[in-house]
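Chain residues, written in single-letter form:
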Amino acid sequence: MKADQRQDEILSSAEGQAPEPSPANGNIDQLPWLRIPAGLKDGEDRCSLSKKTLKSWVLVLEARQVPWRAVKQDATSWELLVPTDQYQQACRELRQYEAENRNWPPRPVHPVQVENTSVTIWVLILLAIFHNIAIHQANPFGPLAIDWYAAGSADAQKILAGQWWRIFTALTLHGGTLHLIGNIVAGGIIIARLANLLRSGPAWFLVILSGGLGNLVNALVHGSNHRSIGFSTAVFAALALLATSTMMLHRRELWRRWPLPLAAGCGLLALLGTSGEQTDLGAHLFGFVMGAGCAVAVFRFRRTSVPDQRLNVVLAVLTFAILTGSWWLALQHAG
């Protein structure tokens, strides 16, 4: 802020009047002056300086105690003059300054946004429809009732015994209507934003994969006497995916503040993922950790966020296959 104020004082003092030496220059009115070329190259260069460039160069010269004068040519152009005996030093200092700041500040990253909200809405509607099927033990394939919760819950003992598909089927089950509504509202907001960033196929693939891995780690940590259900593990995985993806995409812009998006995600995890008597803290935590890990793995090797349409379709089909295949295996082993 002080540098900007000093720059403005310099230009306002030089604007609309004859050029004056800077306050640090002393009594040097009798010195011959040379014009600094805009390209900082020897030879004739009649290009004038912009106000922005002049402000930066003046600060460099003042820092190196080089006398200067600013002459306004018109509304948008200026000339910068220095004493003849310090012309080479001034050009050298300014060339070094320009070389060091050639690529600074870095260009902001603007990830391509792809509208995929409708896809997320339809998936969440299907999740709500399946919840009604599960709580009524309805059987779309025959007359016999199906205990969907017994067949698909994340039963740690059965997962550790080899029924790996339960880590995915448990994501589609809910303990009640309030549980379902909470996950749909929170998940809809987060996953819709993630799908706009990554496309719907990669977004849902990473959400289901991270949520499933979270259930697996939760089963390994808790041992055989643990059961859980709910899409909230995937919701917190999505939260970590969104926060970490934003951090990875904007790490150069944020510079020393690059962990802020992930820190915000951790804050939401602490705020939303630890309340309630029946809250599975481990599932929420491990879902979040797996989501962050998957995002780092993806963006560690990718320069852009949005994949092509072919990969989008492939990952969407693969996600659907994971869920339907897991439930097919669950029903085959039920009973």
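In this text the structure is predicted, and so the values were computed from the model without any measurement. (Residues numbered from 1 in each chain as written. Predicted model: local features only at pLDDT ≥ 70, side-chain atom pairs only at ≥ 80, totals over all residues. Heavy atoms only, no water.)

**Considerations on a nonpolar patch on the surface**
Moving on, step 1. A cluster of nonpolar side chains, namely Ile121, Trp122, Ile125, Leu126 and Ile129, defines an oily patch on the protein surface of about 520 Å² accessible area.
Moving on, step 2. Its location among the elements puts Leu126 in helix 4 (residues 117–135). (Patch = residues over 30% accessible without salt bridge, like charges linked within 9 Å, V, L, I, M, F, W, Y side chains within 5 Å. Areas by Shrake-Rupley, 256 points an atom, 1.4 Å probe, with all protein chains shown as cover. Salt bridge = Lys/Arg side-chain N within 4 Å of Asp/Glu carboxyl O. Helix = DSSP H or I, 4+ residues; strand = E, 2+ residues; numbered from the N terminus.)

**Some remarks on the nonpolar core**
Moving on, step 1. Formed by 42 residues in total, the largest nonpolar core has its most connected members in Leu194, Leu198, Val207, Phe231 and Leu241.
Moving on, step 2. Elements that contribute at least two residues to this core include exactly helix 4, helix 6 (156–160), helix 7 (166–169), helix 8 (177–198), helix 9 (200–222), helix 10 (232–249) and helix 13 (281–300).
Moving on, step 3. In terms of residues, this core owes the most to one element, helix 10, which gives 11 residues.
Moving on, step 4. Those residues in contact with Val207 that sit more than four places away from it in its chain are Ile191, Leu194, Ala234, Ala237, Ala238 and Leu241.
Moving on, step 5. Counting 18 residues, the second-largest nonpolar core is a separate cluster that includes Val60, Leu61, Leu80 and Ala90. (Core = buried A, V, L, I, M, F, W, Y, C linked by side-chain atoms within 4.5 Å. Buried < 20%, exposed > 50% of the residue type's maximum accessible area, 1.4 Å probe, protein only. Contact = heavy atoms within 4.5 Å.)

**Some remarks on the side chain of Thr233**
Moving on, step 1. By secondary structure assignment, the location of Thr233 is in helix 10.
Moving on, step 2. Not counting chain neighbours up to four residues away, the residues in contact with Thr233 comprise Leu171, Gly211, Gly214, Asn215, Ala283, His284 and Gly287.

**Overview of the pattern of salt bridges**
Moving on, step 1. Under the counting rule described, the total for this entry stands at 3 salt bridges.
Moving on, step 2. Residue Glu93 pairs with Arg64 through a salt bridge whose shortest N-O separation is 3.4 Å. One end of the pair, Glu93, is in helix 3 (residues 87–100); the other, Arg64, is in the loop between helix 2 (51–63) and strand 2 (69–72), and 29 residues separate them in sequence.
Moving on, step 3. Judged by relative accessible area, which is 14%, Glu93 ranks as buried.

**Points about the environment of Ile159**
Moving on, step 1. Note on placement: Ile159 falls in helix 6.
Moving on, step 2. Since its relative accessible area comes to 7%, Ile159 is described here as buried.

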